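So the chains spell out like this:
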Amino acid sequence: MYSGLVHAHSGLRWLALVLLIAAAFVAFRRWQGRDEFTEGNRKLYLYTFIMIHIQLTLGLILYFISPKVNFSDLGNKVYRFYTVEHSVGMLIAITLITLGYIRAKRAAGPINKHRTVFIFYTVGLLIILASIPWPGRVPGVGLY
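The sections below set out a description of the structure shown in this document. This one's a predicted model, so the numbers in the text were calculated from it and none came from an experiment.

### Notes on the overall build of the protein chain
Scanning the protein chain for helices and strands turns up 4 helices and 0 strands. Mapped from its N terminus to its C terminus, the protein chain presents α and β elements in the order α-α-α-α. If one aligns the C-alpha atoms of the protein chain with their principal axes, the spans along those axes are about 50 × 25 × 25 Å. Looking at the 144 residues of the protein chain, the share that counts as buried comes to 39%. Nonlocal contacts in the protein chain, meaning residues at least 24 apart in sequence, comprise 71% of its contacts between residues at least 6 apart. For the protein chain, the accessible surface area stands at approximately 7900 Å², while carbon and sulfur atoms represent 69% of it. The centroid of the 15 positive side-chain charges in the protein chain is displaced by 1 Å from the centroid of its 5 negative side-chain charges.

See the structure below:
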C-alpha cells in the first residue's frame, strides 16, 4: 500500500504541475488581454484546484504512514526534509491556491478573476517547485 501511494503521489505530481502551469499561463494571458471569464477558464481553474487537493490528500496519508517522517531524528536531513520542509511548503502553497480559487470566484469582473488566479496560483507554483524533492537537493532524497 505504501509503495502504491508513493508512486501515485509522485506520478500525479506531474499532472498537478502541468495543470498549475497551464492555469497560471491562461490566467496571465486572459488578464493581460482583458478577456472574458469563460466556462473553459472556470473548468481549468477548478480542475487544477481539485488535482492539487488530491495531491494534498495523498500527501497527508503518506505523512502518517511514511518511514521518512520521523520527529525524533530531525538532525537527519532526509527526515527533516519530509517531516518539516516538504510538508510545510506544500501546505502553504495549497492554502494559497485554495485562497486564490475562492477569491477569484467572488471577484467582481473577469479581469479581477484572472489576476487573482494568476497571482495566487503562480506563488503557489513557485513554493511547490521549491518544496519538491528534486534529485541532488538533499542527499538521500529523490523523486520517490
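### Considering a nonpolar patch on the surface
Judged by side-chain polarity, Met1, Leu60, Ile61, Phe64, Ile65 and Leu91 come together as a nonpolar surface patch covering roughly 640 Å² of accessible area. Per-element accounting of the nonpolar patch gives the leading share, 4 residues, to helix H2 (residues 39-65). In this structure, Met1 sits in the segment before helix H1 (2-32).

### A look at the nonpolar core
In a soluble, globular protein the nonpolar side chains are often hidden away together inside. Membership of the largest hydrophobic core comes to 22 residues, with the highest contact counts inside it found for Leu20, Tyr45, Ile52, Ile97, Val117, Tyr121 and Ile128. Counting residues per element, the ones that place at least two in this core are H1, H2, helix H3 (77-106) and helix H4 (110-131). Not counting residues up to four positions away in its chain, the partners in contact with Tyr45 are Ala23, Val26, Ala27, Phe37, Tyr101, His114, Val117 and Tyr121. If you look at the next biggest cluster of nonpolar residues, it comprises 6 residues, including Val69, Val78, Phe81 and Val138.

### Some remarks on the packing of H1 against H4
To describe two helices that pack against each other, one gives the angle between their axes and the distance between the axes. Two elements in contact, H1 and H4, have axes separated by 8 Å at closest approach and are oriented at 145 degrees. The chirality of how H1 crosses H4 is left-handed. Mapping the contact onto sequence places Leu17, Leu20, Ile21, Ala23, Ala24, Ala27, Phe28, Arg30 and Trp31 in H1 and Ile111, His114, Arg115, Val117, Phe118, Tyr121, Thr122, Leu125, Ile128 and Leu129 in H4. Grouping the constituent residues of the contact of H1 with H4 by class yields 15 nonpolar, 2 polar and 2 charged.

### Overview of the packing of H2 against H4
Orientation of H2 relative to H4, taken along the N-to-C sense of each, is 30 degrees, at an axis distance of 12 Å. The angle between H2 and H4 falls in the class roughly parallel. Between H2 and H4 the crossing geometry is left-handed. Across the interface between the two elements, Asn41, Tyr45, Thr48, Phe49 and Ile52 from H2 touch His114, Val117, Tyr121 and Ile128 from H4. The residue makeup of the contact of H2 with H4, split by class, is 6 nonpolar, 3 polar and no charged.

### Looking at H2
Helix length check: H2 (27 residues) gives 39 Å between terminal C-alpha atoms against 39 Å at 1.5 Å per residue, within 8%. Those residues of H2 that fall on the buried side of the exposure criterion are Asn41, Leu44, Tyr45, Thr48, Phe49, Met51, Ile52, Gln55, Leu58 and Leu62.

Conventions we followed
- Residues numbered from 1 in each chain as written.
- Predicted model: local features only at pLDDT ≥ 70, side-chain atom pairs only at ≥ 80, totals over all residues.
- Heavy atoms only, no water.
- Helix = DSSP H or I, 4+ residues; strand = E, 2+ residues; numbered from the N terminus.
- Buried < 20%, exposed > 50% of the residue type's maximum accessible area, 1.4 Å probe, protein only.
- Contact = heavy atoms within 4.5 Å.
- Areas by Shrake-Rupley, 256 points an atom, 1.4 Å probe, with all protein chains shown as cover.
- Lys, Arg positive; Asp, Glu negative; His and termini not counted.
- Charge placed at Lys NZ, Arg CZ, Asp CG, Glu CD.
- Patch = residues over 30% accessible without salt bridge, like charges linked within 9 Å, V, L, I, M, F, W, Y side chains within 5 Å.
- Salt bridge = Lys/Arg side-chain N within 4 Å of Asp/Glu carboxyl O.
- Core = buried A, V, L, I, M, F, W, Y, C linked by side-chain atoms within 4.5 Å.
- Axes fitted to C-alpha atoms, helices over the stretch in contact; angles between N-to-C directions.
- Left-handed = near helix turned anticlockwise from the far one by under 90°.
- Nonpolar A, V, L, I, M, F, W, Y, C, P; charged D, E, K, R; others polar.
- Parallel < 35°, antiparallel > 145°, perpendicular 65-115°, else oblique.
- Expected span 1.5 Å × (residues − 1).

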